[in-house]
Amino acid sequence: MSGSFRFSASLSPLQSREFPRMPFLKPHIHVPNHVPALNPMTAAHSRVVLPENLKVKLSALPITMASPAAMTEVEGLDVDMVTEAELKENGFRSTRRTKIVCTIGPRTCEFEQIEALAVGGMNVARVNMCHGTREWHRDVIRRVRQLNEEKGFAVAVMMDTEGSEIHMDDLNGAESAKAEDGEIWTFTVRAFDPPSCPERTITVNYDGFAEDVKVGDELLVDGGMVRFVVTEKIGPDVICHCTDRGLLLPRANLTFWRNGSLVQERNAMLPTISSKDWLDIDFGIAEGVDFIAVSFVKSAEVIKTLKSYITAQSPESRIAVIAKIESIDSLENLEEIIQASDGAMVARGDLGAQIPLEQVPSVQQKVVQLCRQLNKPVIVASQLLESMIEYPIPTRAEVADVSEAVGQQADGLMLSSESAMGLYPEKALAVLRSVSLRIERQRREEKHLDTADLPIVSSSMPAIIFEEICNTASRMAKKLEADAIFVYTKTGQSASLLSRNRPDCPVFAFTPTTSIRRCLNLRWGLIPFRLDFSDDVDSNLNRTFSLLKARGMINSGDFIIVVSDVMQSIQAIKVP
Ligand SMILES: Nc1ncnc2c1ncn2[C@@H]1O[C@H](COP(=O)(O)OP(=O)(O)OP(=O)(O)O)[C@@H](O)[C@H]1O
Ligand SMILES: CC(=O)C(=O)O
Ligand SMILES: [K+]
Ligand SMILES: [Mg+2]
């Protein structure tokens, strides 16, 4: 192919009274005769031969409708060294698509330890307000921020609320306690000064506990990791007999069962967000966390309340609210809850304490699918690599479980105890990374037919049109075997719509806002960069190409599909 050519499709606004500015849904593309395989709408699945100076532009908006150019000086590109190294070494196609959330705990709270996790591929650091003091959490959050500032990482911070379910005390600072079969333990609502707590006595946080529980009830710690049966009640003390031995961990969740059913009674009346949680939320807002994960969500109302509270407290903040699916009540209102939230977490730990274990996998699958439909990021959490709390290699079953979540194309996988207090946090992270890469590659090699029928999620007509542009861009990238999609996004919305399509190639998301960059870091397949850009798509592209080329992250000849939410356009272009 010799010489250069360029063509673009210019569109005229549709003559519609309802949507006077609505552009053509189906842009007319003029394809020169001498480039037979170029038409992106008809290209076959085989690798197409692209001309040297390829540049195709499909624009949904007539050029005149674009907002006036607001040139901003490019200060440079915020990218971390891990992404940079990965892109240089492996090229675009093999970057990891599944994101990783690590719970930060005593084993990983120092700056060097957090840095080691970031280097190992942590995308989101989670702090769990069930444990530790606010000062402890503040230090962790600030270390993550410092790391981002110093090393260019985009590690987001997720604050997880305690919620007001029933749980045990913190074992006076002990890491754990062992309960053996046949032992007698006392669960009590009495308060003790730390040294005076008798042996085999556990304080329970919920005052109504001793009243609600009955002799003969089964008491499950952590969803059945340890089991007791209630043999006697003496005032505030509930005397129990251990029937299934195991390890008691600080603040472990407690549920009680009567005749094979979960007893909810007054427990169900506890608020989802307790007064302590509200203080933690104020703390999270003040510290500028990126996500607040709400424990034991039962209905969409609480999510709506929290979102309006955040907006009122901090109108500028973009804190995303994640609904943790772990309570039996949430299952009845799943769609409504996810719709109201900015994302969801399948919190399998507590979920498995509220529904029979054999139902947990199907709930996981359902939540993952629903989130994809509704365009919300979803995290699969708890016990992914539980044995790695103590051992340096996972079980085969754990690897299979992780593979399943990756195969379901969840946005993120989460480490809990494995990274918070386990012996091998970095090794556990490495396992998530390598299993993700392997399964993702396998899916691509098998050319998995993604049959997901994605309903429209946008509500206004212009937004719907742009959603279709993103869907088309993903499809084009797949059919034309593009090396990457570039998206220039001010709000992050178009990047999320592209991610939702789970395209074959990675999506480079350029956004001028650091907090949006961090939020996008939870989304499947997105590589977020912070970049100031203008409304001039061509000049953005040229600058991005030269910045990325200078750092060896892309090469001449790479084939890129470009989407911009400013111009609402698609371009197909070869890096010059
Ligand atoms: N900030 C912390 N300080 C001390 N220990 C922590 C901290 N965060 C986590 N841990 C330890 O790691 C374990 C696992 O953490 P994880 O966040 O999964 O908590 P969890 O108690 O299982 O509750 P949740 O249901 O909210 O996940 C905890 O049981 C606790 O022992
Ligand atoms: C993560 C969490 O809260 C759970 O699995 O219960
Ligand atoms: K929690
Ligand atoms: Mg939980």
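Before going into details, it helps to say that this report is about the structure given with it. These figures come from a predicted structure and were not determined experimentally.

**Quick look at the packing of aromatic side chains**
Under the counting rule described, the total for this entry stands at twelve aromatic pairs. Feature note: the residues Phe-486, Tyr-488, Phe-508, Phe-510, Phe-529, Phe-533 and Phe-545 constitute an aromatic cluster, connected by ring pairs.

**Details of empty space enclosed by the protein**
Within the structure shown, the criterion is met by four cavities of 30 Å³ or more. The computed volume of the largest cavity comes to approximately 280 Å³. Considering the residues around the largest cavity, the lining is formed by 20 residues, among which Asp-80, Thr-83, Arg-96, Asn-123 and Asn-521 are closest to the centre. Among the secondary structure elements, those contributing two or more residues to the lining of the largest cavity are helix H1 (81-90) and strand E23 (526-531). Partitioning the lining of the largest cavity into residue classes produces nine nonpolar, six polar and five charged.

**Describing the site of ligand 1**
Taken together, the neighbourhood of ligand 1 is formed by 14 residues, with Arg-126, Asn-128, His-131, Asp-350 and Ser-417 sitting nearest. One nitrogen or oxygen atom from the side chain of Arg-126 is found 2.7 Å from an oxygen atom belonging to ligand 1. Asp-350 is positioned with one of its side-chain polar atoms (N or O) 2.8 Å from an oxygen atom of ligand 1. Of all the secondary structure elements, the ones that give two or more residues to the shell around ligand 1 are strand E5 (124-128), helix H3 (134-151) and helix H11 (417-420). Among the residues forming the shell around ligand 1, the class breakdown is five nonpolar, six polar and three charged.

**Examining the site of ligand 2**
Residues in close proximity to ligand 2 include Arg-126, Lys-324, Glu-326, Met-345, Ala-347, Arg-348, Gly-349, Asp-350, Ser-382 and Met-414, which together make up its full environment. In this structure, Ser-382 approaches ligand 2 through a side-chain N or O atom, which is 2.4 Å from an oxygen atom. Taking 210 Å² as the accessible area of ligand 2 by itself, protein coverage stands at 90%. Every element with two or more residues in the shell around ligand 2 is listed here: strand E18 (343-347) and helix H8 (348-354). Counting residues per element, the shell around ligand 2 draws most heavily on H8, at three residues.

**Details of helix H13 (residues 461-479)**
With 19 residues, H13 ought to run about 27 Å at 1.5 Å a step, and its terminal C-alpha atoms sit 27 Å apart, in line with that. Glu-481 sits one or two positions beyond H13 and adopts a positive phi of about 50°.

**A few points about the coordination of the magnesium ion (ligand 4)**
Those donors, Glu-326 (OE) and Asp-350 (OD), are the protein atoms that reach the magnesium ion (ligand 4), and they lie 2.0 to 2.1 Å from it. The metal-metal distance between the magnesium ion (ligand 4) and the potassium ion (ligand 3) is 5.2 Å. With Glu-326 in the loop between strand E17 (320-325) and helix H7 (334-340) and Asp-350 in helix H8, this pair connects stretches of sequence that are 24 residues apart. Of the two residues, Glu-326 and Asp-350, neither departs from the other in class, the shared state being buried.

**Quick notes on the coordination of the potassium ion (ligand 3)**
Coordination angles at a metal have ideal targets, namely 109.5 degrees for four tetrahedral donors and 90 or 180 degrees for six octahedral donors. On the protein side, the potassium ion (ligand 3) has Asn-128 (OD1), Asp-160 (OD) and Thr-161 (O) as donor atoms, found 2.7 to 3.0 Å from it. The sequence pattern formed by the donor residues of the potassium ion (ligand 3) is N-x31-D-T. Judged by relative accessible area, Asn-128 falls into the buried class, the value being 13%. Judged by relative accessible area, which is 1%, Thr-161 ranks as buried.

**Looking at the nonpolar core**
One finds Val-367 and Leu-385 to be the most contacted residues of the largest nonpolar core, which totals 69 residues. Element by element, the count of residues in this core is highest for helix H9 (residues 360-374), at seven residues.

**A closer look at the side chain of Asn-375**
Residue placement: Asn-375 occurs in the loop between H9 and strand E19 (378-381). A distance of 3.2 Å separates a polar atom in the side chain of Asn-375 from a polar atom in the side chain of Ser-496. With residues up to four places along the chain from it excluded, the contact list for Asn-375 reads Val-457, Gln-493, Ser-496, Leu-497, Arg-500 and Arg-523.

**Digging into the packing of helix H2 (residues 111-119) against H3**
One way to put it is that H2 packs onto H3 with a least axis distance of 10 Å and a crossing angle of 55°. Viewed along their axes, H2 and H3 adopt a mutual orientation that is oblique. Classified by chirality, the crossing of H3 by H2 is right-handed. Contacts between H2 and H3 involve Phe-111, Ile-114, Glu-115 and Ala-118 from the first element and Val-140, Arg-143, Val-144, Gln-146, Leu-147, Glu-150 and Lys-151 from the second. For the contact of H2 with H3, the residue count by class is six nonpolar, one polar and four charged.

**Some words on the sheet that holds strand E10 (residues 218-221)**
Each strand in a sheet pairs with its neighbour through backbone hydrogen bonds, running either in the same direction (parallel) or in the opposite one (antiparallel). Ordered in space as E9-E8-E12-E11-E10-E14-E15, the seven strands form an open sheet in which the pairing is mixed. Looking at the sheet topology across the chains shown, the edges are occupied by strand E9 (201-203) and strand E15 (261-262). The pairing of strand E11 (residues 226-234) with strand E12 (residues 237-244) spans seven bridges and is antiparallel. Bridged to Val-229 within E12 is His-241.

Calculation notes
Residues numbered from 1 in each chain as written. Chains lettered and ligands numbered in written order. Predicted model: local features only at pLDDT ≥ 70, side-chain atom pairs only at ≥ 80, totals over all residues. Heavy atoms only, no water. Phe/Tyr/Trp six-rings, centres within 6.5 Å; stacked < 30°, edge-to-face > 60°. 1 Å grid on protein atoms, 1.4 Å probe; cavity = no way out; pocket = protein on both sides within 12 Å on 5 of 7 lines; lining within 4 Å. Points joined across faces, edges and corners; volume = space filled by probe spheres on them. Helix = DSSP H or I, 4+ residues; strand = E, 2+ residues; numbered from the N terminus. Nonpolar A, V, L, I, M, F, W, Y, C, P; charged D, E, K, R; others polar. Near = heavy atom within 4 Å. Polar contact = N/O pair within 3.5 Å; in protein donor to acceptor, adjacent residues only side chain to side chain. Areas by Shrake-Rupley, 256 points an atom, 1.4 Å probe, with all protein chains shown as cover. Expected span 1.5 Å × (residues − 1). Donors = N, O, S within 2.8 Å, 3.2 Å for Na, K, Ca; no water. Buried < 20%, exposed > 50% of the residue type's maximum accessible area, 1.4 Å probe, protein only. Core = buried A, V, L, I, M, F, W, Y, C linked by side-chain atoms within 4.5 Å. Contact = heavy atoms within 4.5 Å. Axes fitted to C-alpha atoms, helices over the stretch in contact; angles between N-to-C directions. Parallel < 35°, antiparallel > 145°, perpendicular 65-115°, else oblique. Left-handed = near helix turned anticlockwise from the far one by under 90°. Pairing = 2+ DSSP bridges.

In short, geometric facts, not functional conclusions.
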